[in-house]
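Structural characterization, general
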Amino acid sequence: MKRALFPGSFDPITNGHYDIIKRGIKLFDEVVVAIGINAEKKYMFSLEQRKKFIEDAFKDEPKVKVVTYTGLTIDFCEKIDAKFILRGLRNPADFEFEKAIAHTNRRLSKIETVFLLTAAKTSFISSSIVRDVLRNNGDYTVLVPESVRVNN
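Please read all numbers here as calculations on a predicted model, not as lab measurements.

With respect to the UniProt feature "site: Transition state stabilizer" (unreviewed entry) in the protein chain
When the UniProt feature table is mapped onto this chain numbering, "site: Transition state stabilizer" (unreviewed entry) sits at H17. Here H17 is to be found in helix α1 (residues 15-27). Overall, H17 belongs to the buried group, its relative accessible area being 19%. When near neighbours in sequence (up to four residues on either side) are disregarded, H17 contacts F6, F10, P12 and S127. In this structure the side chain of H17 is engaged in a polar contact, spanning 2.9 Å, whose partner is the backbone nitrogen of T14.

Written out as structure tokens, the structure reads:
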């Protein structure tokens, strides 16, 4: 089974994340969306909310599994037998940041990182932009899947 791990904080999941997952399920037998738990980070949405947003968005997609994890991503990949890490790239800055992580992960393990370019229509969206729009009472609904709009 070709299993890919798509890690992130997903605070909240955006249309960009959604697009990468939808495209990833065409490439892999299973995409495990893994919400990393970082005690140092302040989140807008609780872990339970973030997990529910993703589960609801993919409730009819059996190839998507949603989990939470702590520690190194490569250690979690090994634990669940995922041979690939799936990442989305929006811009050159993302590429440089993700390239360094991918090289490190490859040096420390046999995990391959697969990059997908975000769709042009979602390439400007980030969770931090969505949170800023939310904090300022803006219309965030065009930036996130329906599961976030309904459950927020």
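Picking up after the structure, the text goes on.
Digging into unusual backbone geometry
Here the amide bond leading from D11 into P12 is cis, since omega sits at 0°, within 30 degrees of zero. Take P12: it is sitting in the loop between β1 (3-8) and α1. With phi around 60°, D81 is a residue other than glycine that occupies positive phi space. Relative to the helices and strands, D81 is located in the loop between α3 (73-80) and β4 (84-89). Even without being glycine, N137 reaches a positive phi, approximately 60°. The topology assignment puts N137 in the loop between α5 (127-135) and α6 (146-151). For N137, a relative accessible area of 72% corresponds to the exposed category.

Overview of the nonpolar core
In terms of nonpolar packing, the biggest core is built from 26 residues, with I21, V31, V33, I54 and L86 touching the most fellow members. Those elements giving two or more residues to this core turn out to be β1, α1, β2 (30-36), α2 (47-57), β3 (64-69) and α5. Ignoring any residue separated from it by four or fewer positions in sequence, one finds I21 in contact with F6, I13, V31, V33, F58 and V64.

Quick word on the sheet that holds β2
On the basis of which strands lie adjacent, the open sheet formed by five strands has the order β3-β2-β1-β4-β5 and parallel pairing. Each of the sheet's edge strands pairs with one partner strand only, and the pair in question is β3 and β5 (112-117). Taking each pair of neighbouring strands and ignoring which way they run, the sheet shows an average axis angle of 30°. Sheet topology note: the β1/β4 ladder contains two bridges and is parallel. Each residue of the ladder has a partner; that of L5, found in β4, is I85.

Observations concerning the pairing of β5
Two elements, β4 and β5, share six bridges in a ladder whose sense is parallel. Its bridge partner lying in β5, G88 is registered against L116. Running through helix α4 (residues 92-108), the crossover from β4 to the neighbouring parallel element β5 is right-handed.

Considering α2
Those residues of α2 that fall on the buried side of the exposure criterion are R50, F53 and I54. Looking straight down α2, one finds that the buried residues subtend no more than 90° of arc, so they occupy a single side.

Notes on the UniProt feature "binding site: substrate" (unreviewed entry) in the protein chain
The residues that UniProt annotates with the feature "binding site: substrate" (unreviewed entry) are S9, K41, T73 and R87. Beyond its immediate stretch of four places on either side in the chain, S9 contacts I35, K41, Y43 and R50. With respect to the helices and strands, the residue T73 is situated in helix α3. Residue classification places T73 among the buried residues on the basis of a relative accessible area of 19%.

Thresholds applied
Going along each chain's sequence as written, the residues are numbered from 1 onward. Only residues with pLDDT of at least 70 get local features here, since the model is predicted, and only at 80 or more are side-chain atom pairs given and counted; chain-wide, interface and lining totals rely on the full set of residues. Only hydrogens and water are set aside; all other atoms, that is, all heavy atoms of the structure, feed into the side-chain values. UniProt positions are given in the numbering used here, feature names are shortened, and annotations may be inferred rather than shown by experiment. Strands here are runs of E lasting at least two residues and helices are runs of H or I lasting at least four, both read from the DSSP assignment and numbered beginning at the N terminus. Each residue's exposure class comes from its accessible area (1.4 Å probe, protein chains only) as a fraction of the maximum for that residue type: buried when under 20%, exposed when over 50%, partly exposed otherwise. Any pair of residues with heavy atoms lying within 4.5 Å of one another is described as a contacting pair. N or O atoms closer than or at 3.5 Å make up a polar contact, with two conditions inside protein: a donor-capable atom paired with an acceptor-capable one, and, for residues adjacent in sequence, both atoms drawn from side chains. Definition of nonpolar core: a set of buried residues of the types Ala, Val, Leu, Ile, Met, Phe, Trp, Tyr and Cys, connected through side-chain atoms within 4.5 Å. Should DSSP find at least two bridges between two strands, the strands are regarded as paired. Note on geometry: axes are C-alpha line fits, over the in-contact stretch for helices, and angles between N-to-C directions span 0 to 180 degrees. A crossover gets the label right-handed when its path from the first strand over the helix to the second runs clockwise, viewed with the strands pointing away from the viewer. Relevant arc is that of directions from the helix axis to the C-beta atoms, nothing else.

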